[in-house]
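Structure assessment
Chain by chain, the residues:
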Amino acid sequence: MIRRAALLGLAALLLIAGAGPAQAAGYRYWSFWERDGGHWTYATQGPSTARPEDGAVQGFRFAVSEDSGDAARPRGTAGFASICGATPAREGSKRVALVLDFGTAADAPSGEAPPGPRTACARVSPDATTADVLAAVAGPLRYDSGALLCAIAGYPRTGCGEQVADGGKKSPAATGAPAEGTAGDEGGPSAGLLAGLGVVVLLGGAAVWQARRRGNA
């Protein structure tokens, strides 16, 4: 009976050991956003196909993100008037306001430091794409062989959408998510750990019940 109880306890401990949260993985890249009034929305097209209208505000944010739902938005509240107010309208061209957020040190590739955020007003031809807008005011740009935007204004120097293990590299403050041990989770045990402890209680109770049953037989 003692041997059986010990085996049950060992199984419970193994369950606890494997009950920790899985390590998520993110990707370090430039995300593309469009300003709708006072809100940023994730762009549904890539820079090479999107064709903004005169008066548009578009943004780019460099960060480590798991997907579009997790992506960090450009910071700042600058609108078209404050960015392009000094650039008068001109026939045969359009004006597009850009917000460029190079991210935080936590999201930067090893050995690099992000430049400060900046804005720019591009005057381009009416049929220009967002890629054309970037080339006009935020070069040098860098793309990979699959036309993925890798660098804006030369940042970062290397890398392009590489996978990054979520082991403290991603900055919680950059996405608005609570940091571990802060008010977001109050530093409490994970759901996996609680489930493992529940298994220990159940297995231990079963072992005690069986021992009493055999003792009374």
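Described in the following lines is the structure provided in the data block.

Quick notes on the rules
- Residues numbered from 1 in each chain as written.
- Predicted model: local features only at pLDDT ≥ 70, side-chain atom pairs only at ≥ 80, totals over all residues.
- Heavy atoms only, no water.
- Helix = DSSP H or I, 4+ residues; strand = E, 2+ residues; numbered from the N terminus.
- Buried < 20%, exposed > 50% of the residue type's maximum accessible area, 1.4 Å probe, protein only.
- Contact = heavy atoms within 4.5 Å.
- Areas by Shrake-Rupley, 256 points an atom, 1.4 Å probe, with all protein chains shown as cover.
- Salt bridge = Lys/Arg side-chain N within 4 Å of Asp/Glu carboxyl O.
- Core = buried A, V, L, I, M, F, W, Y, C linked by side-chain atoms within 4.5 Å.
- Arc of directions from axis to C-beta.
- Polar contact = N/O pair within 3.5 Å; in protein donor to acceptor, adjacent residues only side chain to side chain.
- Pairing = 2+ DSSP bridges.

Let us look at the overall build of the chain. Helix and strand counts for the chain come out as 5 helices and 8 strands. When the helices and strands of the chain are listed from N to C terminus, the series reads α-β-β-β-α-β-β-α-β-β-β-α-α. The proportion of buried residues among the 217 residues of the chain is 33%. Here the analysis covers contacts within the chain between residues at least 6 apart in sequence; of these, 67% occur between residues at least 24 apart. When the accessible area of the chain is evaluated, it comes to approximately 12300 Å², of which 56% is carbon and sulfur surface.

What follows deals with the pattern of salt bridges. What the rule picks out here adds up to 5 salt bridges. Among the salt bridges present, the one from E162 reaches R28, with a minimum N-O distance of 2.9 Å. Within this pair, whereas E162 is found in the loop between β7 (149–151) and β8 (163–165), its partner R28 is found in strand β1 (residues 25–36), the two being separated by 134 residues in sequence. The salt bridge involving D101 is made with R75; its shortest N-O contact spans 2.7 Å. Remark: R75 occurs in the loop between β3 (56–65) and α2 (80–84) and D101 occurs in strand β4 (residues 94–101); sequence separation between them is 26 residues.

Counting residues in hydrophobic clusters, the biggest one holds 20 residues, and the most contacted among them are W30, F60, L100, L134 and I152. Considering each element in turn, this core owes the most residues, 3 residues, to β4. With 11 residues, the next largest nonpolar core counts Y29, W33, F80 and I83 among its residues.

What sets the pattern is the α-helix's 3.6 residues per turn: residues three or four places apart point alike. Of the positions making up helix α3 (residues 130–137), those classed as buried are T130, A131, V133 and L134. For α3, the buried positions fall inside an angular range of 160° around the axis, keeping them on one side.

Counting through the fold element by element, G161 comes out in the loop between β7 and β8. Once the C-alpha coordinates of G161 and Y29 are considered, the two residues, 132 residues apart in sequence, prove to be 4.7 Å apart. Beyond its immediate stretch of four places on either side in the chain, G161 contacts Y27, R28, Y29 and L148.

Here R28 falls in the buried class, since its relative accessible area comes to 9%. For R28, the side chain forms a polar contact with the main-chain oxygen of D107, separated by 2.9 Å.

Attention now moves to the pairing of β4. Two faces belong to every sheet, and in a regular strand the side chains alternate between them. β4 sits mainly inside the fold: 8 of its 8 residues count as buried. Alternating residues of β4 divide into K94, V96, L98 and L100 and R95, A97, V99 and D101, and every residue in both groups is buried. Inspection of the sheet shows β3 paired to β4 by 6 bridges, in the parallel sense. Looking at β4, one finds that R61 is bridged to D101. Pairing analysis gives 7 bridges linking β4 to strand β5 (residues 118–124), with the strands arranged antiparallel. Bridge pairing links L100 to R118 in β5.

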